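So the chains spell out like this:
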Amino acid sequence: MSIGTFSRTTFRGWLGGLVEPRKMVLILVTLFVGAGALIPIFFLVWDSFKNVYVGNLFDTSLTNFTLKNFREAFADPRALGMLGDSFLFAFGSMVVAFFFGGTIAFLVERTNTPLRNLMYSLMFIPLVMPGMLKAIGWILFLSPTIGLFNKVWFAMGFVDPIFNAYSIPAMFWVEGLSETPMTFLFLGAALRAMDPSLEEAAYTAGAGKFTTLARITLRMMTPALAGMALLQFVRGIEAFEVPLLMGASAGIHVFATNIYFAAREINPPLYGQAFVFSLVLVSLALMGLVLYQRMMGRAGQYATVTGKGYRPRLLDLGKWKPAATGFIFLFIIFAAVLPFLILLYASFLPYYQVPSAKALSVMSWDNYRSLLGRSDVLLTIKNTAILCGIVSVGGMIIATIVSWIVVRMRTKGAKLLDGLVFIPYAVPGIASGFAFMIVFLTFPNPIYGTIWILVIAYLVQFMPIGTRFTHAGVAQIKAELEEAAASSGASLVTILRRIIIPLILPSLIAGGLYIFLLSAKVMSSAAILYTPDSTVLSVMIFQLWNEGSIPMVGSLAVLMIIAFTILTILSRRVGQRRAMTSGL
Amino acid sequence: MIKVTNLSKRFVTDRGEVKAVVGVTFDVPKGAFFTLLGPSGCGKSTTLRCLAGLEKPEQGEIIIGDTVMYSSEKGISVPPDRRDAGMVFQSYAIWPHMKVFDNVAFPLQVKSKGLNSAQIREKVKKTLELVRMEGYEDRPATQLSGGQQQRVAMARALLQEPRVLLMDEPLSNLDAKLREQMRVEVRDLVHRLGLTTVYVTHDQLEAFAMSTKIAVMFEGRIVQIGTPWEIYTQPANKFVAVADFVGLANFFEGKVVGGVGASGRGTIETTMGTLECTVPEGMSTGGKVLISARPEVVQVSREKPSGGGAIMLGEVERAIFLGEYFDVRIRIGAETVRARLGPYFEVKDGDKLYVQIAGSSCSVMRSESVASAKQ
Ligand SMILES: Nc1ncnc2c1ncn2[C@@H]1O[C@H](COP(=O)(O)OP(=O)(O)OP(=O)(O)O)[C@@H](O)[C@H]1O
Ligand SMILES: [Mg+2]
């Protein structure tokens, strides 16, 4: 990072300026972003070509490079199977997410489906529920032995189970449901960005509804659809929780689970293989994201928003209207209601059993009582609160400062920072968690084994997400507003506190909440970095599940979902009120 | 060719109900260039979109040719793709994923009229020649300038050989020079092709230069229909005369004091003196009227002029030099009169000048019609 970034004065002047608190803040943030983005990547690349094992994690010699790790990783016949399974799983979840997300986006934006305007609020329901809990919920329906649907099937006189939760189709079904809200929001926005008169011109040129749909609407949407498909595919390749819970026990592996087992479950750990799989995963993600950016450039060319923002002509569904509303609600039921209900049901049982009169008679609040009496649970709740609180607040502070540097200082250094902050987006949580583990094992430090290593890993992982919220906000603030404050003698901290933060508060709250929920929901890097003292809720649920205490999982899940829901509602309220009073 | 009867359309929005079009009635003869003129939000586009079938009105009847396209009474509503109305949009609506050729050929491709691809090619070529875009067939639509997009949009609408051509502010996104040029081009083209056209604009000059008939709209209603000359010289009420888009006017209140004869001329007493004007039909002695006189018909001189009409002495309150003319406000008693003086008049604030208004260059409207237009 060039020192010319922040000052064009002489070196001595710059040195003198260093002690200025304003510059200290900027430099510290830049260093954090740079280190957080580059060090894990460096380790992933470097160690992939080194002979690494416990006791020799970081070989600094400039010779000794080897392809041994690659040979070993791909010599394993299961590696090929893993590749195939990964791609099939990613493709399947993309299809499921498009089927639901695309259809619902079309119904909401382009047809007169009753209650369609509720959809934007309803989509928050599946978003609050962690993917892991969706997986557990669906296992309780689809498991060949204890699954409710199969039990009903058996009761109808069949012998072989009809569903198998531990199979690739079941896995991509759940992953696809999890990814649907994102697909819906994205495709809905793309549909709305389309100039309605493009469709109207087709009607007046003599084209009917379906010709217009096929030759204008769909074709206009092609870049957005392709971009989204690619993004979903990348996310599918990176997925961790669903394959871990549903696939691993049946021997179905994907990249993320392979890394996890090689680094954490196998003894002695196969670090070399973990590095290789991480590197391949990061490369795939990077390629996908670059292609995605290209396509979005095309989509931007097509998005010719003009006119007054009225909705285009809505397709009249006629007698299909109830079916369309039904479809939307069916999705909400699949993605949130069913998994929640079965977890809720399980949470009242002493041991798991399918619903029956006997089961109803033994239901009680005991699990909740014992849960809140367990010291490890309380410690985990405390850890999670610390993690989520610091990562969301700290993440948004870093994001604000980064955005301010990127938007205000149009120097080369600022551009570089903009690129750096985006890098973690291409590093899946499991790979970055693994890289951080090696980094902190290599250099002696007091925070390995504490919650703070998780804080750092999550802060880095969510940097690109935070800046997505703050970039636009900061760009909207005219430089004069700040200059007016600066010319009246305010320091940078004062300017941030009194001018910038109040003005972009709504996006800060929205971004903070989003990161808070992500930190609590996503298990990937935590799964690699936790120790008994630094367990968080997602990890604890996974452990309880492995121990087989489904009722405990249920009660913890229910508490978690309730807390997240309250938090979401509160933050949306605050965000909206602030947005109104500040006139933004 | 087009007959619209008692058309009404409202929108329900978050902020309540908007009556976009209220009881609009008009007739467009075959081959006419009919313009809807009015300020922003008065319902011009909505009226046009009802004609195209892009909006469904609540009430009224639309007949194009001899087909009933919409009738609330008979429960008829023909969808837009079967109305045979070519439309040119304000945003041009050129499909960015197609080449110029496919944009223009689209109407023929979707409605097979028994043409083979060579014939379609030939037609597209001819139509592009009409709009002076020959040779652009293979250009991607994203690489066209605003003026070129406008021409392609015209070509697409013309290729359809529609029964009626509908245009919604097609020139408003062009720069001033090009707009002036296209005004003449578009008018000549549709005249040559003999197309019946309904045109929407908020630009007075555009409407005057292009139209055979103008309908002035205000808050969802049509307040006057007439030729451009009629609209300018005989505004039906104060709104038509005063609104920015139909020029400026001086207004005086007056009273008919006599002499309304078969010629329709009468003597009117005003604060500015006594005038001989054509009075509205059915007006009799004693009726209250409002007189409008355009600034350019107000005669100004330093010496007292001879001859008739109202002659008053006034003082220049403010004279603004605008190059082509001086825009002068002259105070006469309690009234202020606006006039235009040639650039060589060399008027300055405080000058004492005689003002003369000839009754023949004024228009007279009933006071009541003024009140009703304001509601
Ligand atoms: N789809 C719609 N939904 C809600 N309100 C609408 C819609 N379309 C038009 N309106 C409202 O109806 C009224 C008339 O609109 P219209 O577009 O016809 O005006 P216009 O005369 O064409 O104005 P402009 O010159 O600005 O284009 C306006 O008040 C407008 O806000
Ligand atoms: Mg309009």
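On a predicted model such as this, the values are computed, not experimentally measured, just so you know.

### With respect to the interface of chain B and chain A
Step number 1: Taken together, the 23 residues of chain B in the interface contact 20 residues of chain A.
Step number 2: Counting the surface lost from both chain B and chain A, the interface buries some 2,000 Å², and carbon and sulfur atoms represent 63% of this.
Step number 3: Run the count over chain B and chain A and you get eight residue pairs in polar contact (both at pLDDT 80 or more).
Step number 4: Of all elements in the fold, only α1 (44-52), β7 (85-88) and α2 (100-110) of chain B reach the threshold of two or more residues within the side of chain B that touches chain A.

### Describing the pairing of strand β1 (residues 2-13) of chain B
Residue and element names in this part refer to chain B.
Step number 1: Strand direction decides the pairing type here: β1 and strand β4 (residues 59-64), joined by five bridges, are antiparallel. Residue Thr 5 lies in a different strand from β4, and its bridge partner there is Glu 61.
Step number 2: Sheet analysis places β1 next to strand β2 (residues 16-28), joined by nine bridges and oriented antiparallel. Paired with Val 12 across the two strands is Glu 17, which belongs to β2.

### A look at the confidence of the model for chain A
Caution applies to low-pLDDT parts of the model: their predicted coordinates are not meant to be read in detail.
Step number 1: Taken residue by residue, chain A gives an average pLDDT of 85. The fraction at 70 or more is 92%.
Step number 2: Low pLDDT (under 50) marks residues 578-584 of chain A, which in the prediction has nine contacts with non-local residues, meaning those over four places away or in another chain.

### Examining the domain arrangement of chain B
Step number 1: Each assigned domain of chain B is listed here: domain 1 (2-242) and domain 2 (248-374).
Step number 2: A separation of 38 Å is found between the C-alpha centroids of domain 1 of chain B and domain 2 of chain B.

### Regarding the sheet that holds strand β12 (residues 250-258) of chain B
Residue and element names in this part refer to chain B.
Step number 1: What the five strands build is an open sheet, ordered β14-β13-β12-β15-β21; its pairing is antiparallel. Where the open sheet ends on each side, the last strands, each with one partner, are β14 (273-278) and β21 (363-366). Taken pair by pair, the neighbouring strands of this sheet meet at an average axis angle of 40 degrees, ignoring direction.

### Some details on a nonpolar patch on the surface
All names here are of chain A.
Step number 1: A grouping of Leu 115, Leu 118, Phe 329, Leu 330, Ile 333, Val 337 and Leu 341 is seen on the molecular surface, where their side chains present a nonpolar patch of about 550 Å² in accessible area.
Step number 2: Residue placement: Leu 330 occurs in helix α15 (residues 321-346).
Step number 3: Overall, Leu 330 belongs to the partly exposed group, its relative accessible area being 37%.

### Let's talk about the packing of helix α13 (residues 255-265) of chain A against helix α20 (residues 429-442) of chain A
All names here are of chain A.
Step number 1: Between α13 and α20, the shortest axis-to-axis distance is 9 Å and the interhelical angle comes to 20 degrees. The pairing of α13 with α20 is recorded here as roughly parallel in orientation. As for how α13 packs across α20, the hand of that crossing is left-handed. Note on element contacts: α20 touches α13 through Ile 430, Phe 434 and Met 437, opposite Ala 256, Ile 259, Tyr 260 and Ala 263.
Step number 2: The residue inventory of the contact of α13 with α20, partitioned by class, reads seven nonpolar, no polar and no charged.

### Here we look at the confidence of the model for chain B
Residue and element names in this part refer to chain B.
Step number 1: Of all residues in chain B, 94% attain a pLDDT of 70 or more, and the chain-wide mean is 86.
Step number 2: Counting interchain partners and residues more than four positions distant, the pLDDT-below-50 stretch residues 370-375 has seven contacts.
Step number 3: Predicted complex, confidence summary: ipTM 0.78, pTM 0.80.

### As for helix α21 (residues 451-461) of chain A
All names here are of chain A.
Step number 1: Counting buried positions over the eleven residues of α21 gives nine, a clear majority of the element.
Step number 2: Taken as a whole, α21 has its buried residues at Ile 451, Ile 453, Leu 454, Val 455, Ala 457, Tyr 458, Leu 459, Val 460 and Gln 461.
Step number 3: Two or three places before Trp 452, at the opening of α21, Thr 450 has a side-chain oxygen 3.1 Å from that residue's backbone nitrogen.

### Let's talk about the pattern of salt bridges
When the charged atoms of two side chains lie near each other, side chains of opposite charge can form a pair.
Residue and element names in this part refer to chain B.
Step number 1: The final tally for this structure, using the stated rule, is 24 salt bridges over all chains.
Step number 2: Across the salt bridge formed by Glu 129 and Lys 125, the nearest N and O atoms sit 3.9 Å from each other. Placement of the pair is Glu 129 and Lys 125 together in helix α3 (residues 117-130), with a separation of four residues, close to one helical turn.
Step number 3: Its relative accessible area of 38% is what places Glu 129 among the partly exposed residues.

### Considering the packing of aromatic side chains
Step number 1: A complete count under the given rule lists 41 aromatic pairs over all chains for this structure.
Step number 2: Between Trp 138 of chain A and Phe 141 of chain A, the aromatic rings sit 5.7 Å apart at their centres with planes inclined by 55 degrees, giving tilted as the arrangement. Residue Trp 138 of chain A and its partner Phe 141 of chain A are both found in helix α7 (residues 131-142); the two are separated by three residues, about one turn of the helix.
Step number 3: With relative accessibility at 2%, the residue Trp 138 of chain A sits in the buried group.
Step number 4: In this structure an aromatic cluster arises from ring pairing among Phe 99, Phe 100, Trp 138, Phe 141, Phe 149, Phe 163, Trp 173, Phe 327, Phe 331 and Phe 334 of chain A.
Step number 5: The residue whose ring lies beneath Lys 50 of chain A is Phe 65 of chain A, and the NZ or CZ to ring-centre distance is 4.2 Å.
Step number 6: Between the NZ or CZ atom of Arg 156 of chain B and the centre of the ring of Trp 95 of chain B, over which it lies, the distance is 4.2 Å.

### Overview of the site of ligand 1
Step number 1: Close contacts around ligand 1 come from 15 residues, with Ser 40, Gly 41, Lys 44, Ser 45 and Thr 46 of chain B the closest.
Step number 2: Taken together, the residues near ligand 1 originate from chains A and B.
Step number 3: Ser 40 of chain B is positioned with one of its side-chain polar atoms (N or O) 2.5 Å from an oxygen atom of ligand 1.
Step number 4: Contacts to ligand 1 include Gly 41 of chain B, whose backbone N or O atom sits 2.7 Å from an oxygen atom.
Step number 5: Those elements giving two or more residues to the shell around ligand 1 turn out to be β1, β2 and α1 of chain B.
Step number 6: No other element matches the three residues that α1 of chain B contributes to the shell around ligand 1.

### Quick notes on the sheet that holds strand β5 (residues 67-71) of chain B
Residue and element names in this part refer to chain B.
Step number 1: Pairing in this open sheet of five strands is antiparallel, and the strands run β2-β1-β4-β5-β6 from one edge to the other. Here the strands that pair on one side only, and so sit at the sheet edges, are β2 and β6 (76-77).
Step number 2: Pairing analysis gives four bridges linking β4 to β5, with the strands arranged antiparallel. Bridge pairing links Ile 63 to Val 68 in β5.
Step number 3: Across the sheet, α1 is in contact with β1, β2 and β4; its angle to β1 comes to roughly 115 degrees.

### A look at the nonpolar core
Step number 1: Residues Val 33, Ile 104, Met 119, Leu 245, Met 246 and Phe 434 of chain A are the most contacted members of the largest nonpolar core, which totals 170 residues.
Step number 2: In this structure, Ile 104 of chain A is in contact with Met 119, Met 123, Phe 184, Phe 327, Ile 328 and Phe 331 of chain A, ignoring residues within four places of it in sequence.
Step number 3: If you look at the next biggest cluster of nonpolar residues, it comprises 45 residues, including Ala 20, Leu 36, Cys 42 and Ala 52 of chain B.

### Focus on the packing of helix α4 (residues 146-159) of chain B against helix α5 (residues 176-193) of chain B
All names here are of chain B.
Step number 1: One way to put it is that α4 packs onto α5 with a least axis distance of 12 Å and a crossing angle of 15 degrees. When the axis of α4 is compared with that of α5, the two are roughly parallel. Along this stretch, α4 crosses α5, giving a crossing that reads as right-handed. Seen from α4, the contacting residues are Gly 147, Gln 150, Arg 151, Met 154 and Leu 158; seen from α5, they are Leu 178, Gln 181, Met 182, Glu 185, Val 186, Leu 189 and Leu 193.
Step number 2: When the residues that make up the contact of α4 with α5 are grouped by side-chain class, the tally is seven nonpolar, three polar and two charged.

Conventions adopted
- Residues numbered from 1 in each chain as written.
- Chains lettered and ligands numbered in written order.
- Predicted model: local features only at pLDDT ≥ 70, side-chain atom pairs only at ≥ 80, totals over all residues.
- Heavy atoms only, no water.
- Contact = heavy atoms within 4.5 Å.
- Buried area = accessible area lost by both parts, 1.4 Å probe.
- Polar contact = N/O pair within 3.5 Å; in protein donor to acceptor, adjacent residues only side chain to side chain.
- Helix = DSSP H or I, 4+ residues; strand = E, 2+ residues; numbered from the N terminus.
- Pairing = 2+ DSSP bridges.
- pLDDT = per-residue confidence, 0-100.
- Domains from an automatic or database assignment.
- Axes fitted to C-alpha atoms, helices over the stretch in contact; angles between N-to-C directions.
- Patch = residues over 30% accessible without salt bridge, like charges linked within 9 Å, V, L, I, M, F, W, Y side chains within 5 Å.
- Areas by Shrake-Rupley, 256 points an atom, 1.4 Å probe, with all protein chains shown as cover.
- Salt bridge = Lys/Arg side-chain N within 4 Å of Asp/Glu carboxyl O.
- Buried < 20%, exposed > 50% of the residue type's maximum accessible area, 1.4 Å probe, protein only.
- Parallel < 35°, antiparallel > 145°, perpendicular 65-115°, else oblique.
- Left-handed = near helix turned anticlockwise from the far one by under 90°.
- Nonpolar A, V, L, I, M, F, W, Y, C, P; charged D, E, K, R; others polar.
- Phe/Tyr/Trp six-rings, centres within 6.5 Å; stacked < 30°, edge-to-face > 60°.
- Lys NZ or Arg CZ within 6 Å of the ring centre and 35° of its normal.
- Near = heavy atom within 4 Å.
- Core = buried A, V, L, I, M, F, W, Y, C linked by side-chain atoms within 4.5 Å.

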